[in-house]
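# Descriptive analysis of the structure
Here's the letter readout for the chains.
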Amino acid sequence: MTSKKGLTTLEKSLIFLFVALTAVTIGIVVVFVIERNDSSPKEDEIDTGCGSLQELMASSGEFYSGNYPSSYDNGMSCSWHITVEANKVIHLWFEDFSIQDSNTCEADFITLKDEFGIIGKYCGYSTPKPIVSLGNSIYVYFDTNNRYTEKGFKALYRAVAPETTSEIVGAGGVLQGDRGELLTPGFPAQNYENGALYQWMIQVPAGEKVRLTFTAFDLVPESCGDFVDVYDGASDGAAQLGRFCGNRLPAPVLSNGNSMVVRFKSDSSGTAKGFSAIYTVASAPPVTTTPTTTTTTNNTTTGPTITQTPPPEDSGCGSPGKLFGRKGQINSKNYPQAYPANLRCSWDITVDEGFLVKLHITDLAIVGEAGQCGKDKLTVTDSQQSLGTLCGFVLPPVLISVTNTMSLSFQSDARLADRGFSATWEAMHPEDLSDIQGCGGFSQEETGIIKSQNWPTHYPANSMCLWTIRVPKGKTIKLTFTHFDVEEAGILFGQCNDNVVVYDGTQPGAKKYGPFCGSKVPAVIESITNELVIRFYADFFIEAKGFYAHWTTDSTLPTPTEPPVPPNPWDDIKI
């Protein structure tokens, strides 16, 4: 009879170790499965496209930066590939856009790419213009560095017919047949926009080649930021036949097959007239663009069928004198180096109807003293009045025109010089007046209140305010000042340095009331038109309490009032 022997200490240790390892292994598997399930996208989540290429193949959709609308992460590289039906193109636009800004978008940026290469690179806080692709496929890349982050973006896309391209972005699309024309939007009367992308796909009959002839060409010449690319065909990897910029007319371009792609891009600074071009089959007679003198005999004119558009009128400072579009920049000649002697420069800015022109002087160094300018000066006017004669070094407030036009003139004498000035301009909505100036405003109400900035305390120095009132046609406006305290007129010349001026309408030549200054309340003003413009200007020196007024279209209505000013708790403290 044999006796049972218990497990040795070593055997017990091995069994315990085996059980422990088994438990740990099972635990790891469970955790992995749980985490994998939790990390898979739920139905209400959008894949950010980070880590691997995200394919978007529906006819429409949307995608976001990671964490949107909260800030995206640093050090990310995200990508999306959008593909729609073969006979469609892609309309892509951003509904929200806020990405760390940098001069060349080298920090955080979005890149759009198609079969011809990079379409555009975007960053900053201005929403990019809508894009329409040439083909049915487009790539979107979003890269971030390891520094700052912003809110990010929300992008949407949809499949559209190629023939709708021009309706969506203003120009471009598919051109077919033996002959056709390409134009930047509004050419030649209107400048192209900043940040624009226009693309044309040209297709001529099989067996033919495409000849593209530019008939006019005027792009901003500096550093080729605005340019036209021409590609030999519409397939992946098509050779580039040329890149053209500046304002010299390019030579005709000939394709090797029966298709050609033309792509125009503009950057965010400066605009010009744009270009016009005609495409034909190569077997057709060449299009002539050489200008010749036309003669008139018996009411008939002889000359070429197409003539080259004359170069844009120079401002006198080495830049175009007629400016159109949504925004741009103006500098004195040689800026930031000293401007030349005996200079005479002028610019006329025109934006779309319904908009106003906002001018922001960003740098000013003109010989002279503010308020006492000599021969060297910058003068800004709109359709009604001078908005300022500027010299010295103190920057003026933002200047806003009463209509969609504004003019600048700059002159210098033969004596001393400084670096001059730099300014940006852009179109703005009248409704944004108050936000931009910190005063003023635009109203279509039939009654309301106007008051100087900070009323009833002193208005700030070096400020300018514009109010525009527009009531229904057929009605007139009655403006009544109830309080008025503006710097008194100068003793020497009797000039109102700080003043209020009222115009009966926005058109040139509108009846003018004022300028008013001092402490005498102006008489009641009754308009003839349905518009009234009130301007207030304060110089650098003495400030006063300001003014308070109300308007109405019906004198029988009660006088408009404002809610009482909340009491200041400090007023009850006895010292």
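Above this text is the structure in question.
The following refers to the structure shown. These numbers come from a predicted model, not from an experiment.

### Remarks on the side chain of His91
Here His91 is to be found in strand β4 (residues 89-98). On the accessibility criterion, His91 (9% relative accessible area) is buried.

### Structural notes on the state of the cysteines
Under the counting rule described, the total for this entry stands at five disulfides. With a sulfur-sulfur separation of 2.0 Å, Cys317 is cross-linked through a disulfide to Cys345. Residues Cys317 and Cys345 are joined by a disulfide whose S-S torsion is about 80 degrees; by sign, that bridge is right-handed. In this pair, Cys317 sits in the loop between β20 (300-302) and β21 (322-324) while Cys345 sits in strand β23 (residues 344-350), placing the two residues 28 residues apart along the sequence. As far as burial versus exposure is concerned, Cys317 and Cys345 are alike and both buried. Note that Cys439 is cross-linked by a disulfide to Cys465, the S-S spacing being 2.0 Å. One disulfide, between Cys439 and Cys465, carries an S-S torsion of -95 degrees and so falls in the left-handed class. With Cys439 in the loop between α3 (433-437) and β30 (441-443) and Cys465 in strand β32 (residues 463-470), the pair connects residues that are 26 residues apart, well separated along the chain. Under the relative-accessibility criterion, Cys465 is labelled buried at 1%.

### Quick word on the sheet that holds strand β8 (residues 137-143)
Here we have five strands laid out as an open sheet, ordered β1-β3-β8-β5-β6, and mixed in their pairing. Each edge of the open sheet is held by one strand with a lone partner, namely β1 (54-56) and β6 (117-122). For this sheet, the mean inter-axis angle between neighbouring strands, taken without regard to orientation, is 20 degrees. Two strands pair when backbone bridges link them, and strand β5 (residues 109-114) and β6 are joined in this way by five bridges, in the antiparallel orientation. Within β6, the position partnered with Ile110 by the bridge is Tyr122.

### A short note on unusual backbone geometry
For the peptide bond that leads from Tyr68 to Pro69, omega is 10 degrees, which places it in the cis range. Secondary-structure assignment places Pro69 in the loop between β2 (60-64) and β3 (77-83). In this structure, Pro188 follows Phe187 across a cis peptide bond, with omega equal to 0 degrees. With respect to the secondary-structure elements, Pro188 resides in the loop between β11 (179-183) and β12 (197-203). Its identity as a non-glycine residue notwithstanding, Asn342 has a phi of 50 degrees, on the positive side. Mapped onto the fold, Asn342 is located in the loop between β22 (327-331) and β23. Positive phi values are uncommon outside glycine, yet Asn454 reaches one of about 75 degrees. On the secondary structure map, Asn454 appears in the loop between β31 (447-451) and β32.

The rules behind these values
- Residues numbered from 1 in each chain as written.
- Predicted model: local features only at pLDDT ≥ 70, side-chain atom pairs only at ≥ 80, totals over all residues.
- Heavy atoms only, no water.
- Helix = DSSP H or I, 4+ residues; strand = E, 2+ residues; numbered from the N terminus.
- Buried < 20%, exposed > 50% of the residue type's maximum accessible area, 1.4 Å probe, protein only.
- Disulfide = S-S within 2.5 Å.
- Pairing = 2+ DSSP bridges.
- Axes fitted to C-alpha atoms, helices over the stretch in contact; angles between N-to-C directions.

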